Amino acid sequence: MVVKSVLLFVVAAVLEIGGAWLVWQGIREHRGWLWMGAGVIALGAYGFVAAFQPDAHFGRVLAAYGGVFIAGSLLWGMAADGFRPDRWDVAGALVALVGVALIMYGPR
């Protein structure tokens, strides 16, 4: 169950962050409507993927996903835009991922 949940978080992050990046590129880098349209589709798909999380509590899933989004955004920036996080970025992402683990996978 944990593996399924983690994989869904990764797919959701790729869709949401990738979709937002495509919209950003379409608007700020003047790449056009096709980029923005692809971004909107990816953002919509993110919502569906998030709904497949094994935990039935929307608030818990989305709260935990916030940590995945933080770490994923830094990784995306590194891969797509040459962004180099500093130690505070990395520390913050690690704290967020600890939060994900506590929220989603802590004993209940």
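Thresholds applied
- Residues numbered from 1 in each chain as written.
- Predicted model: local features only at pLDDT ≥ 70, side-chain atom pairs only at ≥ 80, totals over all residues.
- Heavy atoms only, no water.
- UniProt positions renumbered as here; feature names shortened; annotations may be inferred.
- Helix = DSSP H or I, 4+ residues; strand = E, 2+ residues; numbered from the N terminus.
- Expected span 1.5 Å × (residues − 1).
- Buried < 20%, exposed > 50% of the residue type's maximum accessible area, 1.4 Å probe, protein only.
- Contact = heavy atoms within 4.5 Å.
- Axes fitted to C-alpha atoms, helices over the stretch in contact; angles between N-to-C directions.
- Parallel < 35°, antiparallel > 145°, perpendicular 65-115°, else oblique.
- Left-handed = near helix turned anticlockwise from the far one by under 90°.
- Nonpolar A, V, L, I, M, F, W, Y, C, P; charged D, E, K, R; others polar.
- Core = buried A, V, L, I, M, F, W, Y, C linked by side-chain atoms within 4.5 Å.
- Domains from an automatic or database assignment.
- Phe/Tyr/Trp six-rings, centres within 6.5 Å; stacked < 30°, edge-to-face > 60°.
- Lys NZ or Arg CZ within 6 Å of the ring centre and 35° of its normal.

- The UniProt entry for the protein chain carries the following text under Subcellular location (unreviewed entry): "Cell membrane".

1. Here we look at helix 3 (residues 58-81)
Alright, step 1. With 24 residues, helix 3 extends 32 Å from end C-alpha to end C-alpha; this agrees with the ideal 34 Å at 1.5 Å per step.
Alright, step 2. Among the residues making up helix 3, those that are buried are V61, A64, Y65, G67, V68, A71, G72, L74 and G77.
Alright, step 3. Contacts made by the buried residues of helix 3 are with helix 1 (2-28), helix 2 (33-50) and helix 4 (87-105).

2. Focus on the packing of helix 1 against helix 3
Alright, step 1. Two numbers describe how helix 1 lies on helix 3: the axes approach to 9 Å, and their chain directions differ by 55°. By the angle between their directions, the pair helix 1 and helix 3 is classed as oblique. Two packed elements cross with a definite hand, and for helix 1 against helix 3 that hand is right-handed. In contact with F9, A12, A13, V14, E16, I17, G18, W21 and Q25 of helix 1, helix 3 contributes V61, A64, Y65, V68, F69, G72, S73, W76, A80 and D81.
Alright, step 2. Classifying every residue of the contact of helix 1 with helix 3 gives 13 nonpolar, four polar and two charged.

3. Things to note about the nonpolar core
Alright, step 1. Grouped together as the largest cluster of nonpolar side chains are 14 residues, with contacts concentrated most on F9, Y65 and V68.
Alright, step 2. Mapped by element, the contributors of at least two residues to this core are helix 1, helix 2, helix 3 and helix 4.
Alright, step 3. Residue-level mapping places this core at the junction of two domains, with at least three residues from each of domain 1 (1-53) and domain 2 (55-107).

4. Re the UniProt feature "transmembrane region" (unreviewed entry) in the protein chain
Alright, step 1. In the numbering adopted here, UniProt assigns the feature "transmembrane region" (unreviewed entry) to residues 6-24, 33-52, 58-76 and 88-106.
Alright, step 2. Between the first and last C-alpha atoms of residues 6-24 the distance is 26 Å; the span itself is 100% helix and 0% strand.

5. A short note on the packing of aromatic side chains
Each aromatic ring pair is characterised by the separation of its centres together with the angle its planes make.
Alright, step 1. Applying the stated rule across the entire model yields five aromatic pairs.
Alright, step 2. Here the aromatic cluster, defined as three or more aromatic residues joined through ring pairs, consists of F9, Y46, Y65 and F69.
Alright, step 3. Over the ring of W35 we find R31, and its NZ or CZ is 4.7 Å from the ring centre.

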